[in-house]
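Structural features, examined
Residues per chain, in single letters:
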Amino acid sequence: MKIFLDAEFTDFQNSKLISAGFVTDAGEELYVELTDTWREKDCSTFVLDTVLPLLEGGDVAMTEAEAAGWLRTWIESFGQPVLIISDAPQLDWPLITHLLRDGWPKNLATHCASMLVDDYDYFEENPDATRHHALHDARAFRTGYQRLFGGVT
């Protein structure tokens, strides 16, 4: 099973996870926003202007420990081997491995696959979707993968 990942973080130099979107090849989704790992003063101007206004809050806003628990339980619920794919694994994967540091899902690969696939048409076809919202970007990544490789694999 493949899970497409996108993460938003504070900046490139001292990255702290803000939000993460996960979409399986079959379309199941998980989205979390962390409340206790970053502060506005940690964020680049781009993140302040572009990413933070897209945060939803509410039920998806949680502590790092809560997010790790949700993610671990969600991944393990699939029961089969899981591979996470990112279009920026050098940025996203260290943040996810840090999040899961206290309990790695038994069925999750210990590496992240890299694939530079994006689907810019996704955003035109889904006017409510916004770039730099982690879940929307993960959906676009999945859609691009499916268009390139002919559907769910």
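Residues numbered from 1 in each chain as written. Predicted model: local features only at pLDDT ≥ 70, side-chain atom pairs only at ≥ 80, totals over all residues. Heavy atoms only, no water.

1. Description of the overall build of the protein chain
Stated formally: Helix and strand definitions follow DSSP, with helices as H or I runs of at least four residues and strands as E runs of at least two, each counted in order from the N terminus. Note on exposure labels: buried denotes an accessible area under 20% of the residue type's maximum, exposed denotes more than 50%, and partly exposed covers the range between, all computed with a 1.4 Å probe on protein chains only. By definition in these notes, contact holds between two residues if any of their heavy atoms fall within 4.5 Å. A 1.4 Å probe and the Shrake-Rupley method give the accessible areas. Residues count as covered only by the protein chains that appear here. None of His or the chain ends enter the tally, which takes Lys and Arg as positive and Asp and Glu as negative. Each charge is placed at NZ for Lys, CZ for Arg, CG for Asp and CD for Glu.
Per the secondary structure count, the protein chain includes five helices and six strands. What you see in the protein chain, going N to C, is helices and strands ordered as β-β-β-α-β-α-β-α-β-α-α. Taken over the C-alpha atoms alone, the protein chain extends approximately 45 × 40 × 30 Å along its principal axes. Evaluated residue by residue, the protein chain yields a buried proportion of 49% over its 153 residues. The long-range fraction of contacts in the protein chain, counting pairs at least 24 apart against all pairs at least 6 apart in sequence, stands at 66%. When the accessible surface of the protein chain is summed, it comes to about 7700 Å², and 52% of that surface belongs to carbon and sulfur atoms. The protein chain carries 11 positive and 26 negative side-chain charges, and their two centres are separated by 6 Å.

2. Observations regarding the pairing of strand β3 (residues 29–34)
Residues in a regular strand point their side chains to alternate faces of the sheet. Heads up, the rule is: The criterion for strand pairing is that DSSP finds at least two bridges linking the strands in question. Here is how to tell: hold the view so the strands point away, follow the path from the first strand over the helix to the second, and if it runs clockwise the crossover is right-handed.
Across the six residues of β3, five count as buried, placing the element largely inside the fold. Sheet analysis places strand β2 (residues 17–24) next to β3, joined by five bridges and oriented antiparallel. From the neighbouring strand, A20 faces β3, where its bridge partner is V32. Here β2 folds back onto β3, and the loop between the two strands holds four residues, one of which, G27, carries a positive phi near 105°. Note: β3 against strand β4 (residues 61–62), two bridges, orientation parallel. By the bridge assignment for β4, L34 is matched with M62. One crossover worth recording links β3 to the parallel β4 by way of helix α1 (residues 45–51), and it is right-handed.

3. Focus on the pairing of β2
Most of β2 is tucked away: eight of the eight residues are buried. The sheet contact formed by strand β1 (residues 2–9) and β2 spans seven bridges and is antiparallel. Of the residues in β2, the one forming a bridge with F9 is L17.

4. A few points about the sheet that holds β1
Two orientations exist for strands paired in a sheet by backbone hydrogen bonds: parallel and antiparallel. Selection rule: For helices, the fitted line uses only the C-alpha atoms of the stretch in contact; every axis is such a line through C-alpha atoms, and the angle between N-to-C directions lies from 0 to 180 degrees.
Sheet architecture is open: six strands sit in the order β4-β3-β2-β1-β5-β6, paired in mixed fashion. One side of each edge strand has no neighbouring strand; the edge strands of this open sheet are β4 and β6 (108–114). Strands in contact with helix α3 (residues 89–99) are β1, β2, β3, β5 (82–86) and β6; relative to β6, the strand with the most contacts, it is inclined by about 165°. Along the sheet, helix α5 (residues 134–149) contacts β1, β2, β3 and β5; its crossing angle with β1, the most-contacted strand, is approximately 145°.

5. Details of α3
How we decide: This arc describes the spread of directions from the helix axis toward the C-beta atoms.
Those residues of α3 that fall on the buried side of the exposure criterion are P89, D92, W93, L95, I96 and L99. Projected down its long axis, α3 carries its buried residues within an arc of 165°, all on one side. Contacts from the buried residues of α3 go to β1, β2, β3, α2 (64–76), β5 and β6.

6. A closer look at the side chain of T24
Looking at the element boundaries, T24 is found in strand β2. Ignoring any residue separated from it by four or fewer positions in sequence, one finds T24 in contact with M1, K2, I3, F4, W74, F78 and R142.

7. Focus: the packing of aromatic side chains
Cut-off, in case you're wondering: A pair of Phe, Tyr and Trp rings is counted when the ring centres sit within 6.5 Å of each other, with Trp represented by its six-membered ring. The angle between the planes then sorts it: under 30 degrees is stacked, over 60 is edge-to-face, the rest tilted.
Across all of its chains, the model carries five aromatic pairs by this definition. Measuring from ring centre to ring centre gives 5.2 Å for F4 and F141, while their planes differ by 80°; the resulting arrangement is edge-to-face. You can see F4 sitting in strand β1 and its partner F141 sitting in helix α5, a full 137 residues away along the chain. Each member of the pair, F4 as well as F141, is classed as buried. Ring centres 6.3 Å apart and planes at 55° place the aromatic pair F22 and W74 in the tilted group. Of the two residues, F22 sits in strand β2 while W74 sits in helix α2, which places them 52 residues apart along the sequence. Classification of F22 by relative accessible area gives buried; the value is 0%. Among the aromatic residues, those joined into a cluster by ring pairs are F22, W74 and F78.

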